[in-house]
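# Residue-level structure breakdown
What follows is the residue order along each chain.
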2 protein chains.
Amino acid sequence: MKERLERIKEQLHTSGYKLTPQREATVHVLLENEEDHLSAEDVYLLVKVKSPEIGLATVYRTLELLSELKVIHKINFGDGVARFEFRAENAEHHHHHLICIQCGTVDEIEEDLLEEVEQVVEQDFNFKIVDHRLTFHGTCHRCQS
Amino acid sequence: MKERLERIKEQLHTSGYKLTPQREATVHVLLENEEDHLSAEDVYLLVKVKSPEIGLATVYRTLELLSELKVIHKINFGDGVARFEFRAENAEHHHHHLICIQCGTVDEIEEDLLEEVEQVVEQDFNFKIVDHRLTFHGTCHRCQS
DNA sequence: CTGTGTGCAAAGGGTTTGCAGGTCT
DNA sequence: AGACCTGCAAACCCTTTGCACACAG
């Protein structure tokens, strides 16, 4: 946890930005809720608990900044709000999501699973793949009863 | 083309709706630009060419209606606007998209490609899949030079 | 006459931006 | 002083909604 914060601080400094108290509080919330796919508003409300003076705009600006630095990833599940998650440090692509249509929970699949499919696409369509998004919609193991 | 319009007219009637001139004009535009993934605004502007009196709200309402009837599919590529495409008549899932990061063109892949992957997910995660979304981001064959 | 459908304008929700301070060097 | 950063409010964009009117059954 601490090391990751330090790492992010360095990334900011390298690009000429500071780790202000507001930014630190925002990163802290993201780290504490890493598996939750928070929206900007979610992050804002959570940051406010410990830093009530923070403004929504600052949270948006911080999230945008972290996205630019590729620290986090902005994802969109089609419900009208952007959500954010940490980027895997080394992963070429990010992981996949399982969205439960009953309870709304978003689980993750770490495996890639798509290597064969990507080969087919690159060959058959002459399309140079940079990234992919794969989402499954269905019923999660918790809601099957 | 004509038959498809008739078909849609019947689907509307079955559900208690009428094929008004505005709805017909909207469907017409969708049919004429089937491979273009139009946004609501795009549809509106195109409909306006032949039916200048139409209102944007009507287009939105028509698109929502057609989505409910499962005639079209609302898709979201993460750029902040909803886009629409016809549903494959028999396909269990819809197809996949190749989005070019240079020219922005969206091509389609008709094949499923994911049957094996789905089996893995259903078994390993005990997740009952209803639908999936797969998008590749990269460089299309036209932009590779 | 009742219900559905329409156009317009207003409201709505999420996100971005302009601006006047504020902070750190 | 200068550059960066912040909070607030206003602006923005896409989409939805309220309302009065139009039209068909």
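As the structure is a computational prediction, the values presented were derived from the model and not from experiment.

### Quick look at the UniProt feature "binding site: Zn(2+)" (unreviewed entry) in chain A
- Under the feature "binding site: Zn(2+)" (unreviewed entry), the UniProt entry names Cys100, Cys103, Cys140 and Cys143 of chain A. A maximum C-alpha distance of 8.3 Å places the annotated residues, which cover 44 residues in sequence, within one compact spot.
- Within the secondary structure, Cys100 of chain A sits in strand S4 (residues 96–100).
- When neighbours within four sequence positions are excluded, Cys100 of chain A is seen to be in contact with Thr105, Gly138, Thr139, Cys140 and Cys143 of chain A together with Phe127 of chain B.

### What to know about the UniProt feature "binding site: Fe cation" (unreviewed entry) in chain A
Residues and elements named next belong to chain A.
- Under the present numbering, the feature "binding site: Fe cation" (unreviewed entry) in UniProt falls on His94, Glu115 and His132.
- On the secondary structure map, Glu115 appears in helix H5 (residues 115–125).
- Taking relative accessible area as the criterion, Glu115 reaches 56% and is therefore assigned exposed.
- For His132, the side chain forms a polar contact with the side chain of Glu118, separated by 2.5 Å.

### Examining the pattern of salt bridges
- Taken as a whole and assessed by the stated rule, the structure comprises 10 salt bridges over all chains.
- Here Arg133 of chain A makes a salt bridge to Asp131 of chain A, at a shortest N to O gap of 3.2 Å.
- Given the relative accessible area of 27%, Arg133 of chain A is considered partly exposed.
- One salt bridge connects Arg83 of chain B with Asp79 of chain B, and the closest N-O pair in it is separated by 3.0 Å.

### Side note on the protein's contact with DNA strand D
- In the region of DNA strand D, 20 residues are neighbours, and Lys18, Thr20, Arg23 and Thr58 of chain A together with Tyr60 of chain B sit closest.
- Close to the protein, within 4 Å, the atoms of DNA strand D are drawn from sugar and phosphate at a rate of 74%.
- At a separation of 2.9 Å, a base nitrogen of DNA strand D approaches a polar side-chain atom of Arg61 of chain A.
- Between DNA strand D and the protein, one listed contact pairs a phosphate oxygen with a side-chain N or O atom of Tyr60 of chain B at 2.4 Å.

### Notes on helix H3 (residues 40–50) of chain A
All names here are of chain A.
- Residues Ala40, Val43, Tyr44 and Val47 constitute the buried set of H3. The arc enclosing the buried residues of H3, seen along the axis, measures out at 100°, which places them on a common side.
- Packed against the buried residues of H3 are helix H2 (21–32), strand S1 (38–39), helix H4 (56–68) and strand S3 (82–86).

### Thoughts on the sheet that holds strand S4 (residues 96–100) of chain B
- If you trace the six strands from one edge of the open sheet to the other, you get S5(A)-S4(A)-S6(A)-S6(B)-S4(B)-S5(B), paired in mixed fashion. Looking at the sheet topology across the chains shown, the edges are occupied by strand S5 (106–109) of chain A together with strand S5 (106–109) of chain B. Between one strand axis and the next, the sheet turns by 25° as a mean value, whatever way the strands run.
- As defined by bridge partners, strand S6 (residues 128–139) of chain A adjoins strand S6 (residues 128–139) of chain B across 11 bridges and the pair is classed as antiparallel. Bridge assignment links Leu134 of chain A to a residue of S6 of chain B, and that residue is Leu134 of chain B.
- Where H5 of chain A meets the sheet, its contacts fall on S6 of chain A together with S4, S5 and S6 of chain B, and the angle it forms with S6 of chain A comes to roughly 130°.
- Across the face of the sheet, helix H5 (residues 115–125) of chain B comes into contact with S4, S5 and S6 of chain A together with S6 of chain B while running at roughly 130° to S6 of chain B.

Parameters and conventions
- Residues numbered from 1 in each chain as written.
- Chains lettered and ligands numbered in written order.
- Predicted model: local features only at pLDDT ≥ 70, side-chain atom pairs only at ≥ 80, totals over all residues.
- Heavy atoms only, no water.
- UniProt positions renumbered as here; feature names shortened; annotations may be inferred.
- Helix = DSSP H or I, 4+ residues; strand = E, 2+ residues; numbered from the N terminus.
- Contact = heavy atoms within 4.5 Å.
- Buried < 20%, exposed > 50% of the residue type's maximum accessible area, 1.4 Å probe, protein only.
- Polar contact = N/O pair within 3.5 Å; in protein donor to acceptor, adjacent residues only side chain to side chain.
- Salt bridge = Lys/Arg side-chain N within 4 Å of Asp/Glu carboxyl O.
- Near = heavy atom within 4 Å.
- Arc of directions from axis to C-beta.
- Pairing = 2+ DSSP bridges.
- Axes fitted to C-alpha atoms, helices over the stretch in contact; angles between N-to-C directions.

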